[in-house]
Amino acid sequence: MPLLTIPESLEKGHPADTFRWAAEQFGIDSIVVTASFQNAVLVHMAASTVPGIEIVLLDTQYLFAETKWFAEELTKKLDLNLRIVNPLPHVKADNLWQVNLEGCCNIRKVEPLNRALEGKLAWVTGLRRADGPTRTNARVRSFDIGRNIVKLNPLAAYTDDDMMHYAQLHELPSNPLTERGYPSIGCWPCTRPVATGEDKRGGRWAGTTKTECGIHA
Ligand code: SF4
């Protein structure tokens, strides 16, 4: 689908409008929502707007226990249609993250994501411009050329305050790590808490030049 045929109004509309439009346009079975479960906003919006929509958690084998617990709790509380996608069977826990970050992300995140998107027409993510400097150009409507799929980021324009207000309005729980200084949560070997005022994603791959795992290339 050419990007131009996706309504521009989605850029300024309520994020739920994007879910509704995608469900009407592609059908619920052709959409995948990927969620990191660092908060509950995206999955709540997805499941309350399009009940039964598939939500994928990429389980790298290195997720924090808190994140896995949070995903299970939200699945029960919000009746999520959660699909956990694992790395291929030959990928075992190892020390690759210590010596080859790109290679580790490729086999634990990028390849599983590509598999999760096979046969789908639209991919919905929680990408936000407020996430940090690497994401300031994020748009609600985009097209992933490499994967040949419509990529929608309904929360692209949501500020941190918007996220907080949405969570309060719907009385959503938070990932326990948030209160412990983790505004951005990935795998435990590559995520540390950040200090007040520090870039929210500054705790991801800290001390290296890596800023993204590769799924949002
Ligand atoms: S974030 Fe770290 S542990 Fe997780 S897949 Fe990437 S390199 Fe591996």
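This text goes with the structure placed above it.
Because the structure is predicted, anything quoted here is derived from the model rather than measured. (Residues numbered from 1 in each chain as written. Predicted model: local features only at pLDDT ≥ 70, side-chain atom pairs only at ≥ 80, totals over all residues. Heavy atoms only, no water.)

*Asks:* I would appreciate a short explanation of the environment of Lys92 in the present structure.
*Replies:* Tracing the sequence through the fold places Lys92 in the loop between β3 (81–85) and α4 (96–99). Separated by 104 residues in sequence, Lys92 and Thr196 have C-alpha atoms that sit 36 Å apart. From its side chain, Lys92 meets the backbone oxygen of Pro89 in a polar contact 3.0 Å long. (Helix = DSSP H or I, 4+ residues; strand = E, 2+ residues; numbered from the N terminus. Polar contact = N/O pair within 3.5 Å; in protein donor to acceptor, adjacent residues only side chain to side chain.)

*Asks:* Before we go on, may I ask you to explain the pattern of salt bridges in this structure?
*Replies:* Between side chains of opposite charge, a pair can form when the charged atoms approach closely. As enumerated under the stated definition, the model contains 18 salt bridges in all. Across the pair Glu11 and Arg141 runs a salt bridge, and its minimum N-O distance is 3.1 Å. Highlighted residues: Glu11 in the segment before α1 (15–26) and Arg141 in strand β5 (residues 141–144), separated in sequence by 130 residues. The burial state of Glu11 is the same as that of Arg141; both residues are buried. (Salt bridge = Lys/Arg side-chain N within 4 Å of Asp/Glu carboxyl O. Buried < 20%, exposed > 50% of the residue type's maximum accessible area, 1.4 Å probe, protein only.)

*Asks:* Please explain the site of the ligand as it appears in this structure.
*Replies:* Neighbouring residues of the ligand: Tyr62, Trp97, Leu101, Cys104, Cys105, Arg108, Lys109, Cys187, Cys190 and Trp205. When atoms are counted within 2 Å of each cavity's grid points, the one that captures over half of the ligand is the largest cavity. In terms of residues, the shell around the ligand owes the most to one element, helix α5 (residues 101–117), which gives five residues. Split into classes, the residues belonging to the shell around the ligand amount to eight nonpolar, no polar and two charged. (Near = heavy atom within 4 Å. 1 Å grid on protein atoms, 1.4 Å probe; cavity = no way out; pocket = protein on both sides within 12 Å on 5 of 7 lines; lining within 4 Å. Sits in = over half its atoms within 2 Å of the grid points. Nonpolar A, V, L, I, M, F, W, Y, C, P; charged D, E, K, R; others polar.)

The values are spatial; any link to function lies outside them.
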